[in-house]
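Here is how the chains run, residue by residue.
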Amino acid sequence: MYSLKQPILTAALRNVPILLFIGTFVVFGMLSPRFLEVQSLENIAKQASYIGIIAVGMTFVLLTGGIDLSVGSNMYVSAVTAGLLMQRFSISPVLALVICLAVGLAFGLVNAFAVTRLHIIPFVVTLATQFAGRGLGWMLSKSRAVAFPQSVTGLGAAELFGIPGPILIFAAVVLVAWIVLTRTTLGRQIYAVGHEIEAAHKAGINTRRVQATAYCLCGVLAALGGFVSVAQLGNVNSGFGEMVEFQAIAAAVLGGTSLFGGIGNVFPGTVLGALLIQMVWAGLVATRTDLYLQPLIAAAIVFLAVLLDSIRNTVLAKMGRHNIRIEE
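In this report, we go over the structure that sits alongside the text. If you're wondering where the values come from, they're calculated on a predicted model, not measured in any experiment. (Residues numbered from 1 in each chain as written. Predicted model: local features only at pLDDT ≥ 70, side-chain atom pairs only at ≥ 80, totals over all residues. Heavy atoms only, no water.)

There is a patch of nonpolar side chains on the surface, built from F113, L118, I120, I121, F123 and V124 and spanning about 570 Å² of accessible area. Relative to the assigned elements, F113 resides in helix α5 (residues 93-116). (Patch = residues over 30% accessible without salt bridge, like charges linked within 9 Å, V, L, I, M, F, W, Y side chains within 5 Å. Areas by Shrake-Rupley, 256 points an atom, 1.4 Å probe, with all protein chains shown as cover. Salt bridge = Lys/Arg side-chain N within 4 Å of Asp/Glu carboxyl O. Helix = DSSP H or I, 4+ residues; strand = E, 2+ residues; numbered from the N terminus.)

A separate point is the nonpolar core. Ranked by size, the top nonpolar core spans 80 residues in total, and within it V56 and V236 carry the most contacts. Elements with a minimum of two residues in this core: α3 (38-63), α4 (71-89), α5, α8 (165-183), α9 (185-195), α11 (207-233), α12 (244-254) and α13 (266-286). Ignoring anything within four residues of it in the chain, the contact list for V236 reads Y76, A79, V80, R144, A145, V146, F148 and V230. (Core = buried A, V, L, I, M, F, W, Y, C linked by side-chain atoms within 4.5 Å. Buried < 20%, exposed > 50% of the residue type's maximum accessible area, 1.4 Å probe, protein only. Contact = heavy atoms within 4.5 Å.)

What follows concerns the packing of helix α7 (residues 150-157) against α11. Two numbers describe how α7 lies on α11: the axes approach to 7 Å, and their chain directions differ by 95°. Our classification of the angle between α7 and α11 gives roughly perpendicular. Across the interface between the two elements, V152, T153, L155 and G156 of α7 pack against F227, V230, A231 and Q232 of α11. Its residues assigned to classes, the contact of α7 with α11 shows five nonpolar, three polar and no charged. (Axes fitted to C-alpha atoms, helices over the stretch in contact; angles between N-to-C directions. Parallel < 35°, antiparallel > 145°, perpendicular 65-115°, else oblique. Nonpolar A, V, L, I, M, F, W, Y, C, P; charged D, E, K, R; others polar.)

So, about the environment of I120. Within the secondary structure, I120 is located in the loop between α5 and α6 (122-141). The contact partners of I120, leaving out residues within four places of it in the chain, are A114, V115 and V125.

The next subject is the packing of α4 against α5. In the contact formed by α4 and α5, the axes pass within 8 Å of each other and the chain directions differ by 145°. For α4 against α5, the interelement crossing comes out right-handed. Across the interface between the two elements, S73, N74, V77, S78, A79, T81, A82, L85 and M86 from α4 touch P93, A96, I99, C100, V103, G104 and F107 from α5. A per-class count over the contact of α4 with α5 returns 11 nonpolar, five polar and no charged. (Left-handed = near helix turned anticlockwise from the far one by under 90°.)

So, on to α9. Listing the buried residues of α9 in full gives G187, Q189, I190, Y191, V193 and G194. The inward-facing, buried residues of α9 abut α3, α8, α10 (197-202) and α11.

Attention now moves to unusual backbone geometry. A cis geometry characterises the amide bond from F267 onward to P268, with omega recorded as 5°. Looking at the element boundaries, P268 is found in helix α13. Here K142, not a glycine, exhibits a phi torsion of approximately 55°, which is positive. The class for K142 is exposed, based on a relative accessible area of 54%. Of note in this structure, M243 is not a glycine but carries a positive phi near 70°. Given a relative accessible area of 49%, M243 falls into the partly exposed group.

The next subject is the packing of aromatic side chains. One pass over the full model with this rule turns up two aromatic pairs. Ring plane angle 55° and centroid distance 6.0 Å describe the contact between F25 and F35, whose orientation is recorded as tilted. One end of the pair, F25, is in helix α2 (residues 16-31); the other, F35, is in the loop between α2 and α3, and 10 residues separate them in sequence. With relative accessibility at 29%, the residue F25 sits in the partly exposed group. Taking relative accessible area as the criterion, F35 reaches 0% and is therefore assigned buried. Note on F28 and F35: the rings are 5.7 Å apart at their centroids and 40° apart in plane angle, and the pair reads as tilted. Since its relative accessible area comes to 12%, F28 is described here as buried. Each member of the aromatic cluster is reached from another via a ring pair, and the members are F25, F28 and F35. (Phe/Tyr/Trp six-rings, centres within 6.5 Å; stacked < 30°, edge-to-face > 60°.)

Right under this line is the structure:
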């Protein structure tokens, strides 16, 4: 007898990000009317932009079955390097951005080399570059704050057709990433590598190159996210970028990207995940929640993301096996 329970459960599991987003929006909207104000929603989108950019890069790596814990240190070193060069040599904001992205790419290349050539586990490699990057940033800046000129901070406040610049940059990154993942050979290869790397290799895919490309893209986008954040904050202090890796991973996973690779998308998935995380922070502020609870809530978000990912994969796998038996 045909039952509606399975299709409904399958649809719910496949749309967990949308359901979480709607549920969080409704709950905080009921708890605080200020949360629903236009200015509040615009601030959520603006604040989510830099995390979203980094989360898009993280999505590429997660789709290949890897992980990058160094994105926070990457954005710190990239921004510090650009800021110090602007202070000492008065280089233009455009050149500073190019250098910032080049530093991010260097991070990605180091991670890619260690993962694909030295065959070191991504978790270990990127954990090491996370600490190395933080130390390098402290050495360059002497642990002092690095201020950026108005020519950079003006970019953070700039608008086009009434839309803040950081949101436009985030939208452009998402559009390019979406095209790469859904309309190019590289995108199909990334999904194939993440789904089953041995099968992808036997199919003739250069799996090392695909993985390396994902880490390089993640490095560049982490640096870009750091520059966008600096354009809003105006300076870089020693704690800049800390815990960002967890927010980026949580945004990608909350958006439906699997930690086991091969499943996920940047739109609407990662976009919703980034907005959801920022919505939680904005909602806690609007409801005047104790500030000391924030680290606990951040940990709860990551835990929830991983738990949902595990439950979803387990249930969908069981449903898949059940359907195969029925068809047989």
